[in-house]
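Take a look at the letters that make up each chain.
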Amino acid sequence: LGIKKVIVPRLATALSAWGMLRSNIVVNQMRTYIASSDAYDLAHLKRLFKEMKQAAGEAFGKDRDLTSKSMEDISYNYYVDMHYKGETHEITVPLPDTNGEVSEENIQAAINAFHKAHESLHTFSNCEATVFFMNFKLEMIVKTQKPDRVLLPHSGEDATHAIRTRRPVFFEEAGDFVDTVIYDGPQIRCGNMMKGPCVIEEPATTIVIYPNQSARLMAHDYYEI
């Protein structure tokens, strides 16, 4: 594919679990309200967002105690799906809020953002045209405590101490089996450089470094090929 740099997590088989531990909790709510930019009910829209906030809190509270979280740990993002008349696909843009309330000015800011997004995606926009609303969305983000991430100390480029063995490995680039260095992954230290062709054997991941490639273990415990 011609990719010039590939990142391989050392614990690749648990990357999704690590991502879950490092992620915030997000609860999404959506309500359909079809209206135009020149004829909409702002009071109704405010009621929709109030309803969505309550529903998001209840959805989160099914598994966790929302009251145990301080308000600083919870934030809300607002979005709206819009389109021009006759279009069958909407564009989602942020809908600004003022202290948790949506105002006429916020709606106009979202409309301006829609025009810009439409031009960016479709090469044109019509700022004089009426815009149609389809869906209004609320995203509740609950910040979570993250596990500490310890940076590995740098140990230089020499990786000869991590060589486990050598064996023939077939590489299509060479058109034959090549006498190849096999590295013991757990013995590799931050900064160590492995030049291809070689193979790095981690307990749960086998990484093939092809001819004319090189791999280095980085401080965040991933290989950069």
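One can find the structure itself at the top, above this paragraph.
Described in the following lines is the structure provided in the data block.

Definitions and limits used
Residues numbered from 1 in each chain as written. Predicted model: local features only at pLDDT ≥ 70, side-chain atom pairs only at ≥ 80, totals over all residues. Heavy atoms only, no water. 1 Å grid on protein atoms, 1.4 Å probe; cavity = no way out; pocket = protein on both sides within 12 Å on 5 of 7 lines; lining within 4 Å. Points joined across faces, edges and corners; volume = space filled by probe spheres on them. Nonpolar A, V, L, I, M, F, W, Y, C, P; charged D, E, K, R; others polar. Patch = residues over 30% accessible without salt bridge, like charges linked within 9 Å, V, L, I, M, F, W, Y side chains within 5 Å. Areas by Shrake-Rupley, 256 points an atom, 1.4 Å probe, with all protein chains shown as cover. Salt bridge = Lys/Arg side-chain N within 4 Å of Asp/Glu carboxyl O. Lys, Arg positive; Asp, Glu negative; His and termini not counted. Charge placed at Lys NZ, Arg CZ, Asp CG, Glu CD. Buried < 20%, exposed > 50% of the residue type's maximum accessible area, 1.4 Å probe, protein only. Helix = DSSP H or I, 4+ residues; strand = E, 2+ residues; numbered from the N terminus.

### Topic: the layout of surface pockets
- Looking at the largest pocket, its volume works out to about 340 Å³.
- Lining the largest pocket are 15 residues, and of these Leu11, Trp18, Arg149, His220 and Asp221 lie nearest its centre.
- Computed from the structure, the second largest pocket encloses a volume of approximately 170 Å³.
- Every residue lining the second largest pocket is listed: Leu1, Gly2, Ile3, Lys4, Lys5, Val6, Gln213 and Ile225.
- Split by residue class, the lining of the second largest pocket holds four nonpolar, two polar and two charged.

### Re a positive patch on the surface
- Taken together, the side chains of Arg22, Lys143, Lys146 and Arg149 define a basic patch exposed on the protein surface.
- Judged by relative accessible area, Arg22 falls into the partly exposed class, the value being 34%.

### Focus: the pattern of salt bridges
- Tallied over the full model, the rule gives 10 salt bridges.
- Arg10 is the salt-bridge partner of Asp221, the closest N and O atoms lying 3.0 Å from each other. Of this pair, Asp221 sits in the loop between strand 11 (214-217) and strand 12 (222-224) while Arg10 is found in the loop between strand 1 (7-9) and helix 1 (15-22), placing the two residues 211 residues apart along the sequence.
- Here Arg167 and Glu201 are joined by a salt bridge, their closest N and O atoms 2.8 Å apart. Residue Arg167 is located in strand 6 (residues 163-171), and its partner Glu201 is located in strand 9 (residues 198-201); the two are separated by 34 residues in the primary sequence.
- Judged by its relative accessible area of 34%, Arg167 is partly exposed.
- Salt bridges sharing partners connect three or more residues here, namely Arg164, Arg167, Asp184 and Glu201.

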